[in-house]
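Examination of the molecular architecture
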Amino acid sequence: MTWLLTAVLLFAPFADQTPEEEAAEHLSKVRRIYIAILTGGDAALQLRDLLMTSLHNSKQFVITEDEDKADATLKGAGDDDVFTDTFQSSEGINAHTQIGSSNSEGLRNYSNSSSSHSGGLTIGENDSRRDEQRKHEAIATVRLVSKDGDVIWSATAESLGAKFMGASADVADKIAKRLVTDYKAAKLQMGSSSAAPITK
């Protein structure tokens, strides 16, 4: 009976956890990550390698190639599209004016009188411009899955490229930075909650 009471007391603080608190607890314990092959073709394969590098350089996680040794697996999809942006504009001014008059009279074939006036004004100016820019757009949506199959973290990032890196590298960097930030916050949250006194 004593062991049952002890077990209840040990697990009582975790019974009232919200899903967010439970995910934060799992995230705070992640040390070793396996990055699964992302869906999305060749671009996704390159993005996976960039994610490995970015997460490894963060010095917060051990990146493993053995899924069985990982505390959690990063899964998801990614793509890197090359496209051309076309901008086309046209400006023009046109004006057209024409004035004309005619007058004719005759009297018993002895005299004839005729008068005619004509005038015209035409102004025209057209300006047409077409610009094309070749661009890359990368996007990735990922989730961190625990060994139990629960999603404990997720993120989406997109980029048209940064000042010193391409679009895919920028996406991988954004995801790595966000994961590190949320991981540190989770560790801090779990540390402060475990240090809090138990009230009766």
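Keep in mind the model is a prediction, meaning the values are calculated, not measured.

Each helix and strand in the protein was counted, giving four helices and five strands. Its helices and strands in sequence order give the protein the pattern α-α-β-α-β-β-β-β-α, from N to C terminus. Here the protein holds 200 residues, and the buried ones make up 26% of them. A sequence separation of at least 24 residues applies to 69% of the contacts in the protein between residues at least 6 apart.

Now for the side chain of Glu 25. Topologically, Glu 25 is positioned in helix H2 (residues 19-28). A polar side-chain atom of Glu 25 sits 3.2 Å from a polar atom in the side chain of Lys 29.

What follows is about the packing of aromatic side chains. Evaluation of the coordinates by the stated rule reveals one aromatic pair. Centroid distance Phe 61 to Tyr 183: 4.7 Å. Interplanar angle 55 degrees. Geometry classified as tilted. Linking Phe 61 in the loop between helix H3 (42-57) and strand S2 (62-64) with Tyr 183 in helix H4 (residues 167-195), this pair joins segments that are 122 residues apart in sequence. What makes Tyr 183 buried here is its relative accessible area of 4%.

What follows concerns the side chain of Ser 54. Looking at the element boundaries, Ser 54 is found in helix H3. Apart from residues no more than four positions distant in its own chain, Ser 54 is found in contact with Ala 172, Asp 173 and Ala 176.

A few words now on the pattern of salt bridges. All chains considered together, the criterion is met by five salt bridges. Glu 25 is the partner of Lys 29 in a salt bridge, and the nearest nitrogen-oxygen pair spans 3.2 Å. The exposure class assigned to Glu 25 is buried, which follows from its relative accessible area of 14%.

A separate point is a positive patch on the surface. The grouping of Arg 31, Arg 32, Lys 69 and Lys 187 at the surface amounts to a positive patch. Relative to the assigned elements, Arg 31 resides in the loop between H2 and strand S1 (32-35).

Time to look at the nonpolar core. Within the largest apolar cluster, 33 residues are counted, with the highest numbers of intra-cluster contacts made by Leu 74, Leu 144 and Trp 153. Examining the composition of this core, we find that 10 residues originate from one element, H4, more than from any other. Those residues in contact with Trp 153 that sit more than four places away from it in its chain are Leu 27, Leu 74, Val 142, Arg 143, Leu 144, Ile 175, Arg 178, Leu 179 and Asp 182.

Residues at a pLDDT of 70 or more form 65% of the protein, whose mean pLDDT is 80. Taken element by element, the protein is modelled with least confidence in helix H1 (residues 2-15), mean pLDDT 47, and with most confidence in S1, mean pLDDT 98. Counting interchain partners and residues more than four positions distant, the pLDDT-below-50 stretch residues 4-14 has one contact. Note that residues 107-111 has pLDDT below 50 and, in this model, two contacts with residues that lie over four places away or in other chains.

Moving on, we come to unusual backbone geometry. Positioned with a positive phi, Lys 59 is a non-glycine residue whose angle comes to about 60 degrees. Here Lys 59 lies in the loop between H3 and S2. We classify Lys 59 as exposed; its relative accessible area is 67%.

Here three bridges tie S1 to S2, and the two strands are oriented parallel to one another. Note that in S2 the partner of Arg 32 across the bridge is Val 62. Handedness of the crossover joining S1 and S2 through H3: right-handed.

Conventions used here
- In every chain, residue numbers begin from 1 and rise along the written sequence.
- Reporting of local features is limited, given that this is a predicted model, to residues whose pLDDT is at least 70; pairs of side-chain atoms are given and counted only at 80 or more, and all residues count toward the totals for whole chains, interfaces and linings.
- Here the side-chain values reflect all heavy atoms present in the structure, with hydrogen atoms and water set aside.
- Where helices and strands are cited, they refer to DSSP runs of H or I of at least four residues and of E of at least two residues respectively, numbered from the N terminus.
- Each residue is placed in one exposure class: buried if its accessible area under a 1.4 Å probe, protein chains only, is under 20% of its type's maximum, exposed if it is over 50%, and partly exposed if it falls in between.
- Whether two residues touch is decided by their heavy atoms; if any such pair falls within 4.5 Å, the residues are in contact.
- Distance and chemistry together define a polar contact, namely a pair of N or O atoms within 3.5 Å, with one atom able to donate a hydrogen and the other to accept it when in protein, and with adjacent residues in sequence counting only for side-chain atoms on both sides.
- Aromatic pairing here means that ring centres of Phe, Tyr or Trp (its six-membered ring) are within 6.5 Å. Orientation follows from the plane angle: under 30 degrees is stacked, over 60 is edge-to-face, and everything else is tilted.
- The salt bridge definition used is simple: a Lys or Arg side-chain nitrogen within 4 Å of an Asp or Glu carboxyl oxygen.
- Patch building starts from residues that exceed 30% relative accessible area and form no salt bridge, then joins like charges within 9 Å and nonpolar side chains (Val, Leu, Ile, Met, Phe, Trp, Tyr) within 5 Å.
- Using the Shrake-Rupley algorithm and a 1.4 Å probe, accessible areas are obtained, with residue cover drawn only from the displayed protein chains.
- A positive count includes Lys and Arg, and a negative count includes Asp and Glu. His and the chain ends are not counted in either.
- Taken as the charge location is NZ of Lys, CZ of Arg, CG of Asp or CD of Glu.
- As used here, the term nonpolar core means buried Ala, Val, Leu, Ile, Met, Phe, Trp, Tyr and Cys residues forming a set that is joined through side-chain atoms within 4.5 Å.
- Confidence scores per residue from the predictor, reported as pLDDT, run from 0 to 100.
- Two strands qualify as a pair provided DSSP detects at least 2 bridges between them.
- A right-handed crossover is one whose linking path, passing over the helix from the first strand to the second, runs clockwise when the strands point away from the viewer.

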